[in-house]
Amino acid sequence: MMVSKQLVLTYIYLLVYILLSSGVILYNKWVLSPKYFNFPLPITLTMIHMGFSGLVAFLLIRVFKVVSPVKMTFEIYVTCVIPISAFFASSLWFGNTAYLFISVAFIQMLKALMPVATFVMAVICGTDKLRCDVFLNMLLVSVGVVVSSYGEIHFNIVGTVYQVTGIFAEALRLVLTQVLLQKKGLTLNPITSLYYIAPCSFVFLFVPWYLLEKPEMEVSQIQFNFWIFFSNALCALALNFSIFLVIGRTGAVTIRVAGVLKDWILIALSTLIFPESTITTLNITGYAIALCGVVMYNYLKIKDVRAAQLPVDSVTDRIAKELMMEKKSSDLYVPDDIAKNSGGKGTRNGSPDSIVDEEAPFIPSSRVSHFGRSPLSSYSA
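Residues numbered from 1 in each chain as written. Predicted model: local features only at pLDDT ≥ 70, side-chain atom pairs only at ≥ 80, totals over all residues. Heavy atoms only, no water.

Helices and strands together make up the secondary structure of the protein chain, namely 13 helices and zero strands. Mapped in sequence order, the helices and strands of the protein chain form the string α-α-α-α-α-α-α-α-α-α-α-α-α. The 381 residues of the protein chain split such that 43% are buried. Considering only contacts within the protein chain whose residues lie at least 6 apart along the sequence, 87% involve residues at least 24 apart. Just so you have it, the protein chain exposes about 20200 Å², and 68% of that area is on carbon and sulfur atoms. (Helix = DSSP H or I, 4+ residues; strand = E, 2+ residues; numbered from the N terminus. Buried < 20%, exposed > 50% of the residue type's maximum accessible area, 1.4 Å probe, protein only. Contact = heavy atoms within 4.5 Å. Areas by Shrake-Rupley, 256 points an atom, 1.4 Å probe, with all protein chains shown as cover.)

Attention now moves to helix 2 (residues 42–63). Compared with an ideal rise of 1.5 Å per residue, which puts 22 residues at 32 Å, helix 2 spans 31 Å between its outermost C-alpha atoms and is within 8% of the ideal. Note on helix 2: the residue one or two positions beyond its end, Lys65, has a positive phi of about 55 degrees. (Expected span 1.5 Å × (residues − 1).)

Take the confidence of the model for the protein chain next. Confidence along the protein chain averages 81 in pLDDT terms, with 80% of residues attaining 70 or more. Least confident of the elements in the protein chain is helix 13 (residues 353–359), whose mean pLDDT is 30; most confident is helix 2, at 96. (pLDDT = per-residue confidence, 0-100.)

A word on helix 9 (residues 226–249). With 24 residues, helix 9 should reach 34 Å at 1.5 Å per residue; the first-to-last C-alpha distance of 35 Å fits that figure. Three or more residues of helix 9 are buried, namely Ile228, Phe229, Asn232, Ala233, Ala236, Leu237, Leu239, Asn240, Ser242, Ile243 and Val246. Put simply, Asn225 is the residue that caps the front of helix 9, since its side-chain oxygen is 3.0 Å from the backbone nitrogen of Trp227. (Polar contact = N/O pair within 3.5 Å; in protein donor to acceptor, adjacent residues only side chain to side chain.)

Moving on, we get to the packing of helix 3 (residues 74–97) against helix 8 (residues 190–219). Where helix 3 meets helix 8, the axes come as close as 8 Å, and the angle between the chain directions of the two elements is 50 degrees. Of the possible angle classes, the one that applies to helix 3 and helix 8 is oblique. Here helix 3 runs over helix 8; the crossing is right-handed. Where helix 3 abuts helix 8, its residues Tyr77, Val81, Ile82, Ile84, Ser85, Ala86, Phe88, Ala89 and Trp93 lie against Tyr196, Ile197, Cys200, Ser201, Phe204, Leu205, Pro208 and Leu212. (Axes fitted to C-alpha atoms, helices over the stretch in contact; angles between N-to-C directions. Parallel < 35°, antiparallel > 145°, perpendicular 65-115°, else oblique. Left-handed = near helix turned anticlockwise from the far one by under 90°.)

Attention now goes to the environment of Leu19. Within the secondary structure layout, Leu19 lies in helix 1 (residues 2–32). Sequence separation between Leu19 and Leu239 is 220 residues, and the spatial gap between their C-alpha atoms is 8.9 Å.

The geometry of an aromatic ring pair is captured by two quantities: the separation of the ring centres and the angle between the planes. Tallied over the entire structure, the rule returns 18 aromatic pairs. Between Phe226 and Trp227, the aromatic rings sit 5.1 Å apart at their centres with planes inclined by 75 degrees, giving edge-to-face as the arrangement. Given the relative accessible area of 49%, Phe226 is considered partly exposed. When its relative accessible area of 61% is taken as the criterion, Trp227 is described as exposed. (Phe/Tyr/Trp six-rings, centres within 6.5 Å; stacked < 30°, edge-to-face > 60°.)

Moving on to the pattern of salt bridges. Following the criterion strictly, the structure yields six salt bridges and no others. With a shortest N-O distance of 3.3 Å, Lys301 and Asp128 are connected by a salt bridge. Residue Lys301 is found in helix 11 (residues 281–330), and its partner Asp128 is found in the loop between helix 5 (114–125) and helix 6 (132–150); the two are separated by 173 residues along the sequence. Look at Lys301 and you get buried, because its relative accessible area is 19%. (Salt bridge = Lys/Arg side-chain N within 4 Å of Asp/Glu carboxyl O.)

All right, on to the side chain of Lys29 then. Tracing the backbone shows Lys29 in helix 1. From its side chain, Lys29 meets the backbone oxygen of Tyr99 in a polar contact 2.8 Å long. Looking at Lys29, its side chain comes within polar contact range of the main-chain oxygen of Ile102, at 3.3 Å.

A few words now on the packing of helix 5 against helix 6. Contact pair helix 5 / helix 6: the axes reach a minimum separation of 9 Å and the direction vectors enclose 140 degrees. Regarding the angle of helix 5 to helix 6, the classification is oblique. For the pair helix 5 and helix 6, the crossing hand works out as left-handed. Within the contact between the two elements, helix 5 uses Pro115, Val116 and Phe119 and helix 6 uses Val134, Met138, Val141 and Ser142. Taken together, the residues that form the contact of helix 5 with helix 6 break down as six nonpolar, one polar and no charged. (Nonpolar A, V, L, I, M, F, W, Y, C, P; charged D, E, K, R; others polar.)

Have a look at this one:
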């Protein structure tokens, strides 16, 4: 009975994640679109998200003491947090700006390029190697996105460039997070991530906001509804926490399946809510081709992680079996004083377990990665 309750709770978390993820994207589109709420200031909206998230994270860590802050030095902040925050702010800026030019459905189709961008950046940064099988998958994804773009009725080159640029900025942020933070041995949960990165991203966004959107806000009459922006920022923050809960209760495969299901639901909902989001047969065909490449890419990555763990098990099992066979074949009693005189080598108290533990190689946690969505990416388009 206890297992069934946990299973039900896991499915509830997945459902909440799918609803919040779809809701935040549709909400952002509705707020930014000139045809609806008419707040065509994506940098301002993103800064509201960052300011609200940073404030909540500060209250949870410093005031209510819900989470303890990590050991953050000035060196780590300058060399790690600031570069990551810069690319994070860029990905949010470009991704949210794409809402002004292209439909939600087409944005989701373009997001299929995310594995391609991540793989390219990982190869450039030296965290991954160029492999033929992965390259063919990336080629399949790219062909699918090209076919889907060709079938887009309301294709807009400006919006497409914004979205693709945002995807590559997010990919570089993910790679930098792995290279910089993991090498420093620093792990951040969603709350501590927002505590350190959200204020820094806010500062980075202030420069383009001051140059691009502040003059427009002074000239045009932009409506500002407190409850609209408060609920929008609250939904984005709730999505961030739901991703954390889903990652903690499910595996990489489940998260990826939920992500694919969410994309299809979002595409269908966007066509119902926003009539301009017209989908053609060529759109669906291209997106299906791209998804096949994404699924194969995820399969290869999970297979690599399992393969990296298998040699460890095989080595330890082989050593254990050899020791057990040696013990059975000799059937000799070795006194403790002789074992001690031998320098502690061999068995300890006649048990082979100590050798298995000492000889088993250590796998750093950075090699075992999950394929869930990055918590911070919940604020992007």
